[in-house]
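# Fold and geometry: a report
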Amino acid sequence: MEQLIPWLVFCVAFLVFCFARPNGARIFIGIFFIVMALGVNALLAFVAPEQFVAMGTDDPLIPVYAWFFQNVVAAAPTVVGMLAAAGEIVVGLLVLSHGRKVKVGLLAAIVFLLLVTPLGVWTLPNPLMAVGLARLLTQEFPRSLWQRRQPAARS
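Residues numbered from 1 in each chain as written. Predicted model: local features only at pLDDT ≥ 70, side-chain atom pairs only at ≥ 80, totals over all residues. Heavy atoms only, no water.

## Topic: the overall build of the protein
Put simply, the test is: Secondary structure elements are defined from DSSP: runs of H or I of at least 4 residues count as helices, runs of E of at least 2 residues count as strands, and each element is numbered from the N terminus. Using a 1.4 Å probe on the protein chains alone, a residue whose accessible area is under 20% of its type maximum counts as buried, one over 50% counts as exposed, and one in between counts as partly exposed. Whether two residues are in contact is decided by their heavy atoms, any of which lying within 4.5 Å being enough. Here, Shrake-Rupley sampling with a 1.4 Å probe gives the accessible areas, and only protein chains in the shown set may cover a residue. In this tally, Asp and Glu contribute negative charge and Lys and Arg positive charge; neither His nor the terminal groups of the chain are included. Lys charges are placed at NZ, Arg charges at CZ, Asp charges at CG and Glu charges at CD.
Counting its secondary structure elements, the protein contains 7 helices and 0 strands. Counting helices and strands in the order they occur from the N terminus, the protein gives α-α-α-α-α-α-α. Principal-axis analysis of the C-alpha atoms places the extent of the protein at approximately 65 × 30 × 20 Å. Here the protein holds 155 residues, and 37% of them are scored as buried. Expressed as a percentage of contacts within the protein between residues at least 6 apart in sequence, the contacts between residues at least 24 apart total 72%. As presented, the protein carries roughly 9,000 Å² of accessible surface, and 71% of it is formed by carbon and sulfur atoms. Between the averaged position of the 10 positive side-chain charges in the protein and that of its 6 negative side-chain charges there is a distance of 31 Å.

## As for the packing of helix α1 (residues 4-20) against helix α7 (residues 126-137)
What counts is decided by this rule: Helix axes are fitted to C-alpha atoms over the stretch in contact, other axes to C-alpha atoms as well, and angles between N-to-C directions run from 0 to 180 degrees. Geometric relationships in this document are graded by angle, where less than 35 degrees denotes roughly parallel, more than 145 denotes roughly antiparallel, 65 to 115 denotes roughly perpendicular, and other angles denote oblique.
For the pair α1 and α7, interaxial distance at closest approach is 8 Å and the crossing angle is 10 degrees. Overall, the two elements α1 and α7 adopt an arrangement that is roughly parallel. Note on element contacts: α7 touches α1 through Asn126, Leu128, Met129, Val131, Gly132, Leu133, Arg135 and Leu136, opposite Trp7, Leu8, Phe10, Cys11, Val12, Phe14, Leu15, Cys18 and Phe19.

## Here we look at the packing of helix α5 (residues 77-96) against helix α6 (residues 100-116)
Condition: Left-handed describes a crossing whose near helix is turned anticlockwise from the far helix by less than a right angle; the clockwise case is right-handed. In this count, Pro and Cys sit with the nonpolar residues alongside Ala, Val, Leu, Ile, Met, Phe, Trp and Tyr, while Asp, Glu, Lys and Arg are called charged and the others, Gly among them, polar.
One can describe the packing of α5 onto α6 by two numbers: an axis separation of 7 Å at closest approach and a directional angle of 140 degrees. With respect to α6, the axis of α5 lies oblique. For α5 against α6, the interelement crossing comes out left-handed. Where α5 abuts α6, its residues Glu88, Val91, Leu94 and Val95 lie against Lys101, Val102, Val104, Gly105, Leu106, Ala108, Ala109 and Phe112. Across the contact of α5 with α6, the residue classes break down as 9 nonpolar, 1 polar and 2 charged.

## Digging into the packing of aromatic side chains
Using the following cut-off: Between rings of Phe, Tyr and Trp, where Trp is taken as its six-membered ring, a pair exists when centres lie within 6.5 Å; planes separated by under 30 degrees are stacked, by over 60 edge-to-face, and by other angles tilted.
Overall, the coordinates contain 9 aromatic pairs when judged by the stated rule. A ring pair is formed by Trp7 and Phe10, whose centres lie 5.2 Å apart and whose planes are at 10 degrees; its orientation type is stacked. One end of the pair, Trp7, and the other, Phe10, are both in helix α1, 3 residues apart, so they sit about a helical turn from each other. In this structure Phe10 comes out as partly exposed when scored by relative accessible area, which is 27%. With a centroid separation of 5.9 Å and an interplanar angle of 20 degrees, the aromatic rings of Phe28 and Phe32 are classed as stacked. Placement of both Phe28 and Phe32 in helix α2 (residues 22-47) is noted, with a separation of 4 residues, approximately one turn of the helix.

## Thoughts on the nonpolar core
As a rule of thumb, soluble globular proteins bury nonpolar side chains together. The test is simple: Nine residue types can take part in a nonpolar core, namely buried Ala, Val, Leu, Ile, Met, Phe, Trp, Tyr and Cys, and a core is a set of them joined through side-chain atoms within 4.5 Å.
The biggest cluster of nonpolar side chains holds 19 residues, and the ones touching the most others in it are Phe14, Ile29, Phe33, Leu106, Met129, Leu133 and Leu136. Looking at this core, the elements that each hand over two or more residues are α1, α2, α5, α6 and α7. Here this core takes 5 residues from α6, the largest share from any one element. In terms of nonpolar packing, the next biggest core, distinct from the first, is built from 7 residues, Ala45, Tyr65, Phe69 and Val73 among them.

## Topic: the pattern of salt bridges
Short version of the rule: Salt bridges are defined as contacts in which a side-chain nitrogen from Lys or Arg sits within 4 Å of a carboxyl oxygen from Asp or Glu.
The tally for this structure, following the rule as stated, stands at 1 salt bridge. As a salt-bridge pair, Lys103 and Glu140 come within 3.5 Å of each other at their nearest N and O atoms. Of this pair, Lys103 sits in helix α6 while Glu140 sits in the segment after α7; the two residues are 37 residues apart in sequence, bridging distant segments of the chain.

In structure tokens:
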């Protein structure tokens, strides 16, 4: 429960960021997904894989989550952690790209956030972040993070 308030503040701030500076919010969330993949999921997969089981069995909001984590995730928590990390990296890279790829990445991020929301009370602010990502879906991002602005052509 002590994680709920900081995460709520973070998600509200991100939602505001999505309306104020859509491209900045897109870059932020793309990098955020990659950092979370490497700094949380990949790290936990090797250092404390049992945390993946605990995440879904401690106090899920939907009972089927506890069953899934006890019977599926517990069989190979390191693999699940690495798959989660790989998925988050792909989402992050898609969000940082351009055009249609950004939309695919944003949709995948929304699905991810909504799927992990029932893990516990601490994840209840996730839909606020998903609303911010939905706002970003309404925008066009013709350039990736790696593309520089092209100078105007001289006549």
